[in-house]
Amino acid sequence: MKSFVCLLTVMMLVLTTLPAFSAEKNELVVYSARKEHLIKPLFDAYTDATGVKIRYITDKAGPLLQRLKAEGEHTQADLLITVDAGNLWHAANEGLLEQIDSSILKTNVPEALRDPQGRWFGLSKRCRTIVYSTERIDPAELTTYEALGEEQWKGRLLLRTAKKVYNQSLVAMLIAEHGEAKTEKIVRSWVANLAAAPFSNDTKTMEAILAGQGDVAVVNTYYFGRLQKKNSDLKLALFWPNQKTSGVHVNVSGAGVVKASKNQEAATRFLEWLSSAEAQNLFADANMEYPVNPAVKANDQVAAWGAFKGNEMNLAKAGELQAAAIKLMDRAGYR
Amino acid sequence: MSLAPSTTAGPPIAGALRHRIMRLNGWHFLVITVALLVLAPLVVVGGSFLRPQPELWQHLYQTLLVELLWNTLWLVLGVPAGTLLLGVSLAWLTATCAFPGRRFFSWALLLPMAMPAYVMAFVFLGLFDFSGIVPSLLRSWFGPAIPIPDIRSAAGVITVLSLSLFPYVYLLARNAFLTQGIRALEAAQSLGCNRWQGFFRVALPMARPWIAGGALLVLMETLADFGAVSVFNYDTLTTAIYKMWFGFFSLEGAAQLSSLLIVIAFVLLVAEQWQRRRMRYTPSGRTGHSGERLQLTGWRGRLACSYCGLILLVSFGLPAMQLLLWASSSFGEEFDRRYFAWLGHSLLLGLLGALLIAAVALILSYARRRQPDRLTKVLVWISGLGYALPGSVLAVGIYIPLAGLDNILIDTSRRLFGTSPGAIFRESVAIMLLAYLIRFLAVGHQAVDSAMQRIRPSIDEAARMLGTGGLALVRKIHLPIVSSGLATALTLAFVDIMKEMPITLMTRPFGWDTLAVKIFELTSEGEWERAAIPALFLVAAGLLPIMLLIRKMDR
């Protein structure tokens with residue numbers, strides 16, 4: 001018993017006083033809300049190419065921002081990677097990101113997909129678009145997001161939960177275009193057309209179409225891509241809405257240089273590399289997304305979904321109007 | 001200590017305070033230290049009221065609040081009812097009866113504990129939702145018009161949470177039934193009670209502190225659950241807390257909603273203590289049931305066996321099969337050598353955390369035995385509150401003060417020595433262990449404390465008369481008696497820590513990824529097939545302590 005207690009004490013001591021890690025010169029620290037299996041290949045490639053080592057920690061965007069705030073000027077983080085423009089906008093709004101003036105980033109990332117002040121940059125693009133059952137629907141019936149609230153879709157529409165940031169961004173962009181009153185009407189008409197209570201994820205939503213619970217839904221392109229990869233005979237197809245008006249709702253995963261970083265120079269180099277032709281395919285293909293860099297082509301499976309016109313309003317709007325969008329959806333009964 | 005007399009207080013108050021402090025002893029200080037540890041994050045959370053969010057509250061009040069409260073209320077009523085029904089009946093069968101397969105079921109029924117609730121939720125959705133396997137089959141047999149109850153409802157969530165949480169009640173109730181003196185039952189029978197009456201009028205009331213303790217754990221776990229309810233898109237207070245934070249980016253709003261949970265938990269704790277007031281739960285005479293089990297033969301035995309089998313199948317068999325199926329399809333893509341490191345981290349953190357929790361739980365429980373005054377009582381209640389908070393909120397509550405302390409240390413060191421060693425807390429495992437302690441102390445304490453109730457005061461007196469006191473009394477007499485409670489505490493804490501996600505995510509130093517972290521990463525991208533591999537590792541790692549525990553209890 002005694003020796004056991006001794007052993008335990010020693011173990012505790014050793015563990016809890018492990019030499020505190022401090023960043024080496026040739027090393028970058030990344031806080032990432034994009035998941036490890038989607039970014040690790042890029043980190044490895046960068047280390048191979050430049051010798052710069054990359055340490056990282058992953059978590060949800062909310063806790064990561066809180067962590068950055070709590071660590072203040074002594075944070076070790078150099079780069080923040082998150083998904084959804086809304087999250088990036090909030091990080092910038094909290095003053096956590098540095099303004100970067102880089103001609104490379106300005107060339108590689110289209111204007112709508114980066115912060116007007118240069119605090120964050122989109123790195124991969126996904127569309128939140130309409131998916132429909134090829135068995136029961138003629139795509140000629142489909143036109144816009146707004147039209148999904150029309151009478152003909154009563155009891156046929158399926159949606160993911162309003163708690164997901166992707167839907168919040170979609171509605172925020174609708175608010176930016178139509179104003180609150182009209183958008184609330186649109187969302188209410190969606191809710192009235194729902195065939196089932198909102199789902200917790202896009203995959204389940206599409207499976208419900210396959211099972212016949214509904215006929216159309218709004219999902220992110222890469223979730224569709226994953227189902228398609230598993231089942232080449234998928235009875236679903238993507239539709240690009242709003243082609244005659246504002247364009248398909250696009251969103252990004254992206255990154256910004258941490259304001260308190262001691263390696264802003266190196267972090268900027270890495271960010272530039274991530275937007276380069278060399279890295280863009282690695283970045284996008286890992287999750288079947290579109291590269292943001294216009295000079296880089298999407299991979300074959302993604303390109304086969306066809307060309308589309310994307311919404312060109314700056315994505316910062318999604319962040320600005322996110323709270324308004326959530327409140328609006330709450331009022332409209334969209335859960 | 002915060003109780004030190006302050007200079008601003010008037011002399012009489014300071015005098016009274018000093019008088020009170022003089023009466024505090026070592027036990028008090030130990031308990032105060034633990035309570036302060038737990039209070040620190042709660043205060044950070046409570047401090048959010050300094051920045052009121054009237055607009056968000058008004059919005060909530062106008063739109064969702066009533067619905068959220070109803071939804072939460074259903075769970076708070078339904079899940080304990082479900083877990084009590086399952087847990088107590090199964091515990092009674094395996095602890096006091098003999099039927100085919102009893103030995104196997106007595107440990108196997110704890111297996112669902114190793115299965116995270118959100119995994120169970122996802123598997124159940126895959127089986128029973130409209131697009132799931134079972135309804136699809138039913139529709140193909142009986143036509144598309146067949147009415148199928150919607151699993152994405154209060155009843156569905158209650159079912160899943162009950163199936164995943166009943167082992168808490170089962171474990172504690174079984175412990176009680178096993179250590180109950182058989183004489184009481186014999187006495188009941190000699191007074192004309194039949195078996196049923198004996199169960200309801202003697203055994204069940206005698207096991208009440210254990211069962212209530214288990215139910216309390218279930219309740220707090222239900223209040224804090226986010227994973228399972230969000231898979232069902234079932235809105236509760238917890239999902240609202242997350243929305244406040246991740247949607248409105250109002251940590252203050254989230255913290256204010258969380259304090260509602262703390263209040264509910266505190267009321268529950270007090271109620272639980274109140275229901276066992278002035279009761280002594282010490283056994284009389286022989287304990288254990290060896291050779292005295294109720295023989296269930298013929299159809300009775302088969303019924304008992306099928307009942308246990310059915311519960312085991314739905315709560316563990318089905319989810320495990322689904323996980324295996326997924327794992328086999330993604331093994332080549334997902335598995336690599338890093339899994340051993342993650343497993344190692346999970347095990348090590350679980351072990352260290354569990355030992356710490358069991359030790360502190362023992363101290364608290366012992367302090368209350370030695371010092372049964374109101375102050376100690378209240379402090380011990382406070383120490384259990386961390387369990388009712390959603391993990392993420394608690395994690396922030398712990399991280400903010402410690403990171404702040406780190407920054408102060410760094411700044412001071414720079415000013416004094418011109419250099420600094422870097423962050424101390426946030427780059428070490430100590431912060432994780434501390435966070436686990438604050439989160440899971442209630443689990444350890446319930447298990448240890450219910451066992452502590454079994455030590456009759458006369459034992460202490462007898463030992464003292466024979467010249468054994470102090471630490472020797474603890475080591476020779478008390479520890480052996482509470483050892484089953486300690487083992488339970490260790491196992492529960494170990495498995496809980498390994499499953500824990502938000503605290504691990506937020507407080508881990510670089511390179512300390514665990515299996516739970518991996519599960520989080522894959523499931524949050526919807527990669528369920530791949531997430532099955534770390535999930536299986538996690539379940540397997542939880543099996544060993546569970547089996548050891550049951551062997552110890554059955555001896």
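Each chain carries its own residue numbering, running from 1 in the written order of its sequence. Chain letters start at A and ligand numbers start at 1, both assigned in the order the entries are written. Totals for whole chains, interfaces and linings use all residues, but because this is a predicted model, local features are given only for residues with pLDDT of at least 70 and pairs of side-chain atoms are given and counted only at 80 or more. The side-chain figures draw on all heavy atoms in the structure; neither hydrogens nor water molecules are used.

**Focus: the overall build of chain B**
When helices and strands are counted, chain B shows 24 helices and two strands. For 555 residues, the compact-globule estimate of 2.2 N^0.38 gives 24 Å, and chain B sits close to it at 25 Å. Principal-axis analysis of the C-alpha atoms gives chain B an extent of 75 × 65 × 50 Å. The cut-offs for exposure are 20% and 50% of the maximum accessible area for each residue type, with area from a 1.4 Å probe on protein chains only; residues under the lower value are buried, those over the upper are exposed, and the others partly exposed. A total of 555 residues make up chain B; the buried ones form 58% of that total. A separation threshold of at least 6 residues defines the contact pool for chain B, and within that pool the share at least 24 residues apart is 83%. For chain B, the exposed surface amounts to about 22800 Å²; the carbon and sulfur share of it is 67%. For chain B, the centre of its 45 positive side-chain charges and the centre of its 29 negative side-chain charges are spaced 15 Å apart. Secondary structure follows DSSP: runs of H or I at least 4 residues long count as helices, runs of E at least 2 residues long count as strands, and numbering of each begins at the N terminus. With C-alpha atoms as the basis for the radius of gyration, the globule rule is written as 2.2 Å multiplied by the number of residues raised to the power 0.38. Note on contacts: a residue pair qualifies if any of its non-hydrogen atoms lie within 4.5 Å across the two residues. Every accessible area reported is derived by Shrake-Rupley at a probe size of 1.4 Å, with residue values counting cover from the shown protein chains alone. Asp and Glu are treated as the negative residues and Lys and Arg as the positive ones, with His and the ends of the chain left uncounted. Note on charges: their place is set at NZ of Lys, CZ of Arg, CG of Asp or CD of Glu.

**Quick look at the UniProt feature "binding site: Fe cation" (unreviewed entry) in chain A**
UniProt positions are given in the numbering used here, feature names are shortened, and annotations may be inferred rather than shown by experiment. Annotation from UniProt places "binding site: Fe cation" (unreviewed entry) at Tyr222(A) and Tyr223(A). Considering the arrangement of structural elements, one finds Tyr222(A) in helix H9 (residues 221–230). You can call Tyr222(A) buried: its relative accessible area is 0%. Apart from residues lying up to four places away in sequence, Tyr222(A) is in contact with Arg126(A), Tyr166(A), Asn287(A), Met288(A) and Glu289(A). Within the structure, Tyr222(A) has its side chain in polar contact with the side chain of Arg126(A) (distance 3.4 Å). Tyr223(A) sits in the buried class, given a relative accessible area of 4%. Look past the residues within four positions of Tyr223(A) in its chain and what remains in contact with it is Arg160(A), Tyr166(A), Asp202(A), Thr203(A), Met206(A) and Glu525(B). Here a polar contact is taken to be a pair of N or O atoms separated by no more than 3.5 Å, where protein atoms must pair a possible hydrogen donor with a possible acceptor and residues adjacent in sequence count only if both atoms sit in side chains.

**Quick word on the interface of chain B and chain A**
With 67 residues of chain B at the contact, the number on the chain A side is 61 residues. Buried surface at the junction of chain B and chain A, summed over both partners, amounts to about 5700 Å²; 58% is from carbon and sulfur atoms. Summed over the three residues of chain B that lose the most area to chain A, namely Phe249(B), Phe510(B) and Glu525(B), the buried surface amounts to 15% of that side. Only one rule defines a salt bridge in this text: a Lys or Arg side-chain nitrogen within 4 Å of an Asp or Glu carboxyl oxygen. At the boundary of chain B and chain A, one finds 10 salt bridges. Lys518(B) is the salt-bridge partner of Glu36(A), the closest N and O atoms lying 2.6 Å from each other. Taken together, chain B and chain A are joined by 27 residue pairs in polar contact (both at pLDDT 80 or more). The element that contributes the greatest number of residues to the side of chain B that touches chain A is helix H18 (residues 391–417) of chain B, accounting for eight residues. Looking at the side of chain B that touches chain A, its residues break down into 35 nonpolar, 13 polar and 19 charged. Put simply, buried area is the surface a 1.4 Å probe can reach on two separate parts but cannot reach once they are joined, added for both. Ten residue types, Ala, Val, Leu, Ile, Met, Phe, Trp, Tyr, Cys and Pro, are classed as nonpolar, four, Asp, Glu, Lys and Arg, as charged, and the remainder, Gly among them, as polar.

**Description of the nonpolar core**
What is meant by a nonpolar core is a set of buried Ala, Val, Leu, Ile, Met, Phe, Trp, Tyr and Cys residues, joined one to another through side-chain atoms within 4.5 Å. Counting 192 residues, the largest nonpolar core has Phe177(B) and Phe232(B) as the members making the most contacts within it. Broken down by element, the residue count for this core peaks at 16 residues, all from helix H8 (residues 154–179) of chain B. Of all hydrophobic cores here, the second largest spans 111 residues; its members include Phe121(A), Leu148(A), Ala172(A) and Ala208(A).

**As for the packing of aromatic side chains**
Aromatic contacts are taken between Phe, Tyr and Trp rings whose centres are within 6.5 Å, Trp giving its six-membered ring; a plane angle under 30 degrees counts as stacked, one over 60 as edge-to-face, and the others as tilted. Scanning the entire structure with this criterion turns up 34 aromatic pairs over all chains. Here Phe270(A) and Trp273(A) contribute two aromatic rings whose centre-to-centre distance is 6.1 Å and whose plane-to-plane angle is 15°, an arrangement assigned as stacked. One end of the pair is Phe270(A) and the other is Trp273(A), both in helix H10 (residues 264–274) and three residues apart, which spans about a single turn. Here the two residues Phe270(A) and Trp273(A) agree in accessibility, since each one is buried. Taking 4.5 Å as the distance between ring centres and 55° as the angle between the ring planes, the aromatic pair formed by Trp92(B) and Phe199(B) counts as tilted. Here Trp92(B) is found in helix H4 (residues 65–96), whereas its partner Phe199(B) is found in helix H10 (residues 195–206), with 107 residues between them in sequence. Like Phe199(B), Trp92(B) is buried. Put simply, the rings of Phe331(B), Phe335(B), Tyr339(B), Phe340(B), Trp342(B) and Phe537(B) touch in pairs and so form one group of aromatic residues. Should the NZ of a Lys or the CZ of an Arg lie within 6 Å of a ring centre and within 35 degrees of the ring normal, that charge is described as sitting over the ring. The cationic tip of Lys164(A) hangs over the ring face of Tyr166(A); the distance from NZ or CZ to the ring centre is 4.8 Å.

**Some points on the pattern of salt bridges**
Evaluation of the coordinates by the stated rule reveals 39 salt bridges over all chains. Among the ionic pairs, Lys317(A) bridges to Glu320(A), the shortest N-O distance being 3.4 Å. Here Glu320(A) and Lys317(A) lie together in helix H13 (residues 316–320), a separation of three residues that amounts to about one turn. It is possible to trace a salt-bridge network through shared partners that takes in Arg226(A), Glu333(B), Glu334(B), Glu525(B), Glu527(B) and Arg530(B).

**So, the domain arrangement of chain A**
All names here are of chain A. For every domain, the bounds stem from an assignment made automatically or drawn from a database. If you check the domain split of chain A, you get domain 1 (27–125 + 252–297) and domain 2 (126–249 + 316–332). Taking only C-alpha atoms into account, the centre of domain 1 sits 28 Å from that of domain 2. Roughly 1300 Å² of surface becomes buried between domain 1 and domain 2 when both sides are summed, with 58% attributable to carbon and sulfur atoms. One salt bridge in this structure joins Arg 126 and Glu 289, with 2.6 Å as the shortest N-O distance. Applying the counting criterion to the domain 1 and domain 2 interface returns four residue pairs in polar contact (both at pLDDT 80 or more). Mapped onto the side of domain 1 that touches domain 2, the elements with two or more residues apiece are helix H4 (85–93), strand S4 (121–133) and strand S8 (249–257). The greatest single-element share of the side of domain 1 that touches domain 2, amounting to three residues, is contributed by H4.

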